[in-house]
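Given next are the chains, with one letter for each unit.
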Amino acid sequence: MQAIKDKLQDMNAMRKAKADAKSEEKVEKEMAKTRVEVAHEVRLAREAEAEMELHVAKAAEKAEKEIAKHNSHSPHQQNDAAAATATDYHQH
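Numbering of residues begins from 1 in every chain and follows the order in which that chain's sequence is written. Local features are withheld for residues below a pLDDT of 70 in this predicted model, meaning they are given only at 70 or higher, and side-chain atom pairs are given and counted only at 80 or more; totals for whole chains, interfaces and linings count all residues. Hydrogens and water are ignored here; the side-chain numbers use all heavy atoms of the structure.

Caption draft 1: Local environment of the overall build of the chain. Tallying secondary structure elements over the chain gives 2 helices and 0 strands in all. Between buried and exposed lies partly exposed: a residue is buried under 20% and exposed over 50% of the maximum accessible area for its type, with that area taken using a 1.4 Å probe on protein chains only. Classification of the 92 residues of the chain by burial places 4% in the buried group. Residue burial considers only the protein chains on display, and all accessible areas are found by Shrake-Rupley using a 1.4 Å probe. Of the accessible surface of the chain, which amounts to about 8,400 Å², a share of 58% is contributed by carbon and sulfur atoms. Secondary structure follows DSSP: runs of H or I at least 4 residues long count as helices, runs of E at least 2 residues long count as strands, and numbering of each begins at the N terminus.

Have a look at this one:
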């Protein structure tokens, strides 16, 4: 009779160990999935930041061309606000 009780206890312990291992594996898989999702979002953010910097640089170039164009037409007048704006773009 004791052998049967021991066998049932062993089976229950094994079942519990398997359930615990499976639960732990599920948590680890969820964490790995979350890390992949975070890495993906970070990549997208970096790409967006690079694109933004490119657009800012293009805008600064256009502003400089426009300022140069206006300065060539009237060399005695300089638009300080436009020059300051172009300078701000280059600082970022």
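Caption draft 2: The arrangement of helix α1 (residues 2-73) in detail. Taking 1.5 Å of rise per residue, 72 residues should cover 106 Å, and α1 covers 106 Å from first to last C-alpha, within 8% of that figure. Those residues of α1 lying buried are Ala-60, Ala-63 and Ile-67. A helix is expected to span 1.5 Å multiplied by its residue count minus one.

Caption draft 3: Highlighting a nonpolar patch on the surface. A contiguous nonpolar patch, built from Met-1, Ile-4, Leu-8 and Met-11 and spanning about 460 Å² of accessible area, is present on the exposed surface. By the secondary structure assignment, Leu-8 is in helix α1. Each patch is assembled from residues with relative accessible area greater than 30% and no salt bridge, linking like charges that lie within 9 Å and nonpolar side chains (Val, Leu, Ile, Met, Phe, Trp, Tyr) that lie within 5 Å. For this document, the term salt bridge refers to a Lys or Arg side-chain nitrogen within 4 Å of an Asp or Glu carboxyl oxygen.

Caption draft 4: Local environment of the pattern of salt bridges. All told, the structure shown has 3 salt bridges when counted by the stated rule. Where Asp-20 meets Lys-16, a salt bridge forms, and the shortest distance between an N and an O atom there is 3.2 Å. Here the residue Asp-20 and the residue Lys-16 both occupy positions in helix α1, the gap between them amounting to 4 residues, near one helical turn. Lys-16 gets classed as exposed once you look at its relative accessible area, which sits at 53%. For the salt bridge of Lys-29 with Glu-25, the shortest nitrogen-to-oxygen distance reads 3.7 Å. Separated by 4 residues within a single helix, Lys-29 and Glu-25 lie in helix α1, roughly one turn from each other. What makes Lys-29 exposed here is its relative accessible area of 55%.

Caption draft 5: Representation of the environment of Asn-12 in the model. On the secondary structure map, Asn-12 appears in helix α1. A residue is classified by how much of its surface remains accessible, and Asn-12, at 44% relative accessible area, is partly exposed. At 3.0 Å, the side chain of Asn-12 forms a polar contact with the side chain of Arg-15. For this analysis, a polar contact is any N or O atom pair within 3.5 Å, provided that within protein one partner can donate a hydrogen and the other can accept it, and provided that sequence-adjacent residues contribute only side-chain to side-chain pairs.

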